[in-house]
Amino acid sequence: MIAICYSKIMKTVVEKTEKFDPQEVIEEFEVLTRDAGKIQEETLQKILEENGGTEYLQQWGLNGKTDSLSFKNCVPIVTHKDLEPYIHRIADGDLSPILTGKPITTISLSSGTTQGKPKFVPFNEELMESTMQIFKTSFAFRNREFPVVNGKALQFIYGSKQFKTKGGLAAGTATTNVYRNAQFKKTMKAMQTPCCSPDEVIFGPDFQQSLYCHLLCGLIFRDEVQVVSSTFAHSIVHAFRNFEQVWQELVTNIRDGVLSSRVTVPSMRAAMSKLLKPDPELADTIFNKCSRLSNWYGLIPALFPNTRYIYGIMTGSMEPYLKKLRHYAGELPLLSADYGSSEGWIGANVNPELPPELVTYAVLPNIGYFEFIPLMENLDGLEPTPVGLTEVKLGEEYEIVVTNFAGLYRYRLGDVVRIKGFHNGTPELQFICRRNLLLSINIDKNTEKDLQLAVEAAAKILSDEKLEVVDFTSHVNVSADPGHYVIFWELSGEASEEILKECCNCLDISFVDAGYVGSRKVNAIGALELRIVKRGTFHKILDHFVGLGAAVSQFKTPRCVGPTNLSVLQILSSNVVESYFSTAFC
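Residues numbered from 1 in each chain as written. Predicted model: local features only at pLDDT ≥ 70, side-chain atom pairs only at ≥ 80, totals over all residues. Heavy atoms only, no water.

Under an unreviewed UniProt entry, the name given to the protein chain is Jasmonic acid-amido synthetase JAR1 isoform X1, and the organism recorded is Nicotiana tabacum. Quoted verbatim from the Sequence similarities (unreviewed entry) field of the UniProt record, the comment on the protein chain reads "Belongs to the IAA-amido conjugating enzyme family." (UniProt positions renumbered as here; feature names shortened; annotations may be inferred.)

Here is the structure:
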């Protein structure tokens, strides 16, 4: 019975793009999650049946077995580094069945912000189908709480350039591969939230020009905008920081019906000229709305009065932008988008009423096979044995291991999650941090979350001066003896030396990890250093990654700049204007 339901659901997911019934999608999700364990076994069986004859799987001696026990006994847990040689052979044109039975025709690029360079990841139609399934599932639950009808979405999305690999495969960021797929547009139309901006803007070659046109399109369709969104919260904040600088120019464009000379790309100018007509009344409305705002509080609902919510990924490295986003949002709810990565999707936000800090993601058991490594050490020093999707325990933390339809088998995603509950038989995950983003010198271990909490504590000192931390990152300086933490801050204005010294001390004592505190007390770790960088420094980092082929909407500020990220470290170091050392442990 379950197998019949599963086949029916998969067929529905693929075929129902033109028509969209939210209640039907919810019902399908309930069926999938009701017997998640069984669906997981069937999903793994399907993956292994399709790809069992590949070079990669054959070397592990599965011999046609498709059960989970044989799979776990034979196939090792790997990282991207282990699969890299196989992926590069595919990218270079090897057409033999290396990782998948069917040829891979597209390569996704990760953002590259963690390791300093993008990773190549296989992308195929199965991943596209799971993307659309995630989108539709979360939208169905979201629309039940915050209905939108026949509106538009102001989406700050940017497709990077696609290029051909040595073997002729199309390569681009994961978001670009999704935006360029015909299914994406059909799905957005079916969900009654098509993008305000034409393709020429989304895929424009110049990010700043695209951003300007996105804002202009949103204003032209201001009464129709019901959703403001981007892949990451950072892009929304960045867009409206930019709006503060160019709003009067945008108003003039609308008043005169003439596009700014700053937009020079011919295709963008041609597309915008079809939308832009002289509209003095709209120009006056926008001018009056902006003029009456106090420090831009509530900017988004002032500009787009029919907006129901703001939507994007708001967890992990995006949490530091929530304060500014709430400032622009006023009373509008912030809804966190779904959980996935360049390697594929994992879960949907089916509890949209939760604030971003508490958001959870229900794993879809049919889009991949999932294992979870407990975050604890065995007495023998070996890594704990991974458990299955339905074997995780409430309140425990795990690292996720993914097997998908695009050639990743027992692949360590590097994400740490906590089990917050269950939706029927499938767990609801809360994202905690990236496992490999650790500040560590001696016996200290501080995660991205620990860094964020330290920055938030110190930033409160700045709030009395009406200043804010625009962005931040960190670095472990081991060239000095003893090594020490370096925190880079970009500020919204100038702060006094006294205030910054206080902030530096606060940062140091806010790292409460016992290994850090103990090491600081005996000087095994040196005094924390706070470096203030010029305004616009983090924009230079964004430009650097865009230059490497990353899409702006996929960009994440690297929270810990490691030794392999020399280019970013050079940008930061060359823009330092002030430096302070903590005296907290003297």
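Moving on from the coordinates now.
Q: Tell me about the overall build of the protein chain, residues and numbers included.
A: The helix and strand tally for the protein chain stands at 21 helices and 20 strands. The long-range share in the protein chain, meaning contacts at least 24 apart out of those at least 6 apart in sequence, stands at 71%. Of the roughly 24,200 Å² that the protein chain leaves accessible, carbon and sulfur atoms contribute 52%. (Helix = DSSP H or I, 4+ residues; strand = E, 2+ residues; numbered from the N terminus. Contact = heavy atoms within 4.5 Å. Areas by Shrake-Rupley, 256 points an atom, 1.4 Å probe, with all protein chains shown as cover.)

Q: I'd like a description of helix H6 (residues 80-91), backed by residues and values.
A: When we look at burial in H6, the residues that qualify are His80, Leu83, Tyr86, Ile87, Ile90 and Ala91. Along H6, the residues classed as buried sweep out an arc of 145° about the axis, all on the same side. Buried positions along H6 lie against helix H4 (55-58), strand S1 (106-109), strand S2 (120-123) and strand S15 (411-423). (Buried < 20%, exposed > 50% of the residue type's maximum accessible area, 1.4 Å probe, protein only. Arc of directions from axis to C-beta.)

Q: How would you sum up the pairing of strand S7 (residues 309-313)? Please name residues and give values.
A: Of all five residues that make up S7, five are buried, and the element is covered over most of its length. The sheet contact formed by strand S6 (residues 225-232) and S7 spans four bridges and is parallel. Bridge pairing in S7 links Val227 to Tyr309. Of the pairings in the sheet, the one linking S7 to strand S8 (residues 334-336) comprises three bridges and is parallel in character. When the sheet's bridge partners are listed, Ile310 is paired in S8 with Leu334. Crossover connection from S7 via helix H16 (residues 322-329) to parallel S8: handedness right-handed. (Pairing = 2+ DSSP bridges. Right-handed = clockwise from strand over helix to strand, strands pointing away.)

Q: Give me the packing of aromatic side chains: which residues, what numbers.
A: Following the criterion strictly, the structure yields 21 aromatic pairs and no others. Seen in terms of ring centroids, Phe29 and Phe141 are 5.5 Å apart; in terms of plane orientation they differ by 80°. Their pairing is edge-to-face. Placement of the pair is Phe29 in helix H2 (residues 22-34) and Phe141 in helix H7 (residues 125-145), with a sequence separation of 112 residues. For the pair Trp247 and Trp296, a centre-to-centre distance of 6.0 Å together with 75° between the ring planes defines the contact as edge-to-face. Taken together, the residues span a long stretch of sequence, with Trp247 in helix H12 (residues 233-256) and Trp296 in the loop between helix H14 (280-292) and helix H15 (299-303) at a distance of 49 residues. Like Trp247, the residue Trp296 is buried in the burial classification. Positioned above the aromatic ring of Phe221 is the side chain of Lys152, whose terminal nitrogen or guanidinium carbon lies 4.9 Å from the ring centre. Here the basic side chain of Arg559 rests over the ring of Phe472, its NZ or CZ set 4.2 Å away from the ring centre. (Phe/Tyr/Trp six-rings, centres within 6.5 Å; stacked < 30°, edge-to-face > 60°. Lys NZ or Arg CZ within 6 Å of the ring centre and 35° of its normal.)

Q: Let's hear about a negative patch on the surface: which residues, and what values?
A: Residues Asp464, Glu465, Glu498 and Glu502 make up a contiguous surface patch of negative charge. By secondary structure assignment, the location of Glu498 is in helix H18 (residues 497-510). (Patch = residues over 30% accessible without salt bridge, like charges linked within 9 Å, V, L, I, M, F, W, Y side chains within 5 Å. Salt bridge = Lys/Arg side-chain N within 4 Å of Asp/Glu carboxyl O. Lys, Arg positive; Asp, Glu negative; His and termini not counted. Charge placed at Lys NZ, Arg CZ, Asp CG, Glu CD.)

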